[in-house]
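Listed here are the chains, written in short residue letters.
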Amino acid sequence: MSDFFTPPKPVTPLPSPEVTARQSEEFAARLRKRAKHLRRWPTKQGITCFRLYERDVPEVPLVVDRYEDHLHIGEFERPHNRTDDQHAVWLEHMVKVAAQTLDVPRSKTFFKQRKRQRGTSQHETIASRHYEIEAHEGGLKFVVNLSDYIDTGLFLDHRITRSMVRDEVTGKRFLNLFAYTGSFTVYAADGGAASTTTVDLSNTYVQWAQQNMRLNGFEGEQHQFIAGDAIAYVKNLAATEVFDVVVIDPPTFSNSKRTQKDWIVQDNYVGLLRNVLRHLSRDGVIYFSNNYRKFQMDGGALEGANVHEISRQTVPDDFRNRRIHRCWRITRTTNE
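Below: a short report on this structure. Keep in mind the model is a prediction, meaning the values are calculated, not measured.

1. Looking at the pairing of strand β2 (residues 62–67)
Here is step 1 of the chain: By the criterion of burial, β2 is predominantly enclosed, with five of the six residues buried.
Here is step 2 of the chain: Relative to β2, strand β1 (residues 49–54) runs antiparallel, the two being bridged by five bridges. Paired with R51 across the bridge in β2 is D65.
Here is step 3 of the chain: Summarising the sheet, β2 and strand β3 (residues 70–76) pair through six bridges and their orientation is antiparallel. When the sheet's bridge partners are listed, L62 is paired in β3 with E75.
Here is step 4 of the chain: The loop that links β2 with its antiparallel partner β3 comprises two residues; one of these, E68, has a positive phi angle of about 55°.

What follows is the structure, given as structure tokens:
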């Protein structure tokens with residue numbers, strides 16, 4: 001009998017049950033409070049995807065976003081005294097607490113572990129399971145991937161910035177650099193842009209952007225998609241190529257075999273913005289944003305430009321972290 005019997009693997013118990021129970025109660029209480037506070041707000045705003053929780057309880061350093069009737073939960077690295085096995089059990093417990101508290105099935109609750117960026121890709125593939133849904137925002141539709149990547153394809157913190165672009169782009173030429181999945185482009189097309197150009201290094205994300213555009217009925221030769229280096233694209237533009245509204249939302253750091261050198265936002269933003277300004281119309285505007293917490297903008301390095309930070313207006317109310325991104329509105333000072 002013993003030759004055919006495999007004993008079950010021991011189940012790792014929850015670390016410090018009393019401490020975990022207290023953390024669970026605090027986490028659940030905060031989730032209930034936030035859900036009650038945001039009960040009517042999303043409907044009034046016309047959105048179905050928003051942030052519910054953002055490390056509100058220091059001992060539970062998770063971020064909980066709602067996408068339609070799904071939950072997307074992320075953990076940020078933080079020191080703790082649990083073993084790897086204990087931490088895995090603790091995380092699964094907290095994910096279950098969130099799902100139960102918010103009355104979302106565990107099958108519709110997705111967890112991601114966000115670590116400090118050390119790899120070569122800004123948006124790393126982390127799972128083989130493929131789970132997509134159609135999300136709605138501002139009367140538009142977007143393909144959201146809850147399973148395969150740390151990021152879902154729709155940055156919720158730029159909801160307001162996207163609306164700003166839509167309000168400003170009617171009849172204008174629009175350029176989206178480091179476009180990711182093209183959500184800004186969809187808003188621009190909906191705002192009646194005369195043309196859109198979407199540039200991202202990744203073929204996957206350019207195709208995703210095209211899918212988002214088709215989903216909303218935006219097709220035609222006036223919408224161009226380029227899978228290539230945004231920096232090289234701007235450098236190689238003909239002098240006659242001009243845009244009226246430009247969105248630049250680059251990563252903090254990126255390296256790729258397809259680019260000549262690494263991208264470091266603090267080191268490279270001035271050169272990029274100078275090149276873009278050469279192709280900005282007289283009354284044009286650049287929306288420049290990034291997520292680097294230590295970023296320092298040197299407006300004086302951009303000759304002939306007005307640089308105005310608008311981060312207070314662009315970070316949505318559902319984000320507890322008011323520095324989730326920083327955003328600037330840049331215009332030309334001369335009409336030459």
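Having seen it, we continue.
2. Some thoughts on the sheet that holds strand β7 (residues 173–177)
Here is step 1 of the chain: The strand order across the open sheet built from seven strands is β9-β8-β7-β10-β13-β15-β14, with neighbouring strands paired in mixed fashion. The sheet is open, and its two borders are formed by β9 (223–227) and β14 (305–309), each paired with just one other strand. Taken pair by pair, the neighbouring strands of this sheet meet at an average axis angle of 15°, ignoring direction.
Here is step 2 of the chain: Bridging between β7 and strand β10 (residues 243–248) involves four bridges; their strand directions are parallel. Paired with L175 across the bridge in β10 is V246.
Here is step 3 of the chain: Docked against the sheet, helix α6 (residues 203–215) engages β8 (195–200) and β9, running at close to 160° with respect to β9.

3. Regarding the pattern of salt bridges
Here is step 1 of the chain: Applying the stated rule across the entire model yields 14 salt bridges.
Here is step 2 of the chain: We note a salt bridge from R106 to E92, for which the minimum N-O separation is 2.9 Å. One end of the pair, R106, is in the loop between α3 (84–101) and β4 (109–114); the other, E92, is in helix α3, and 14 residues separate them in sequence.
Here is step 3 of the chain: Residue R106 is classed as partly exposed on the basis of its relative accessible area, which comes to 35%.
Here is step 4 of the chain: Owing to a relative accessible area of 29%, E92 belongs among the partly exposed residues under this scheme.
Here is step 5 of the chain: Among the ionic pairs, R173 bridges to D244, the shortest N-O distance being 2.9 Å.

About the thresholds
- Residues numbered from 1 in each chain as written.
- Predicted model: local features only at pLDDT ≥ 70, side-chain atom pairs only at ≥ 80, totals over all residues.
- Heavy atoms only, no water.
- Buried < 20%, exposed > 50% of the residue type's maximum accessible area, 1.4 Å probe, protein only.
- Helix = DSSP H or I, 4+ residues; strand = E, 2+ residues; numbered from the N terminus.
- Pairing = 2+ DSSP bridges.
- Axes fitted to C-alpha atoms, helices over the stretch in contact; angles between N-to-C directions.
- Contact = heavy atoms within 4.5 Å.
- Salt bridge = Lys/Arg side-chain N within 4 Å of Asp/Glu carboxyl O.

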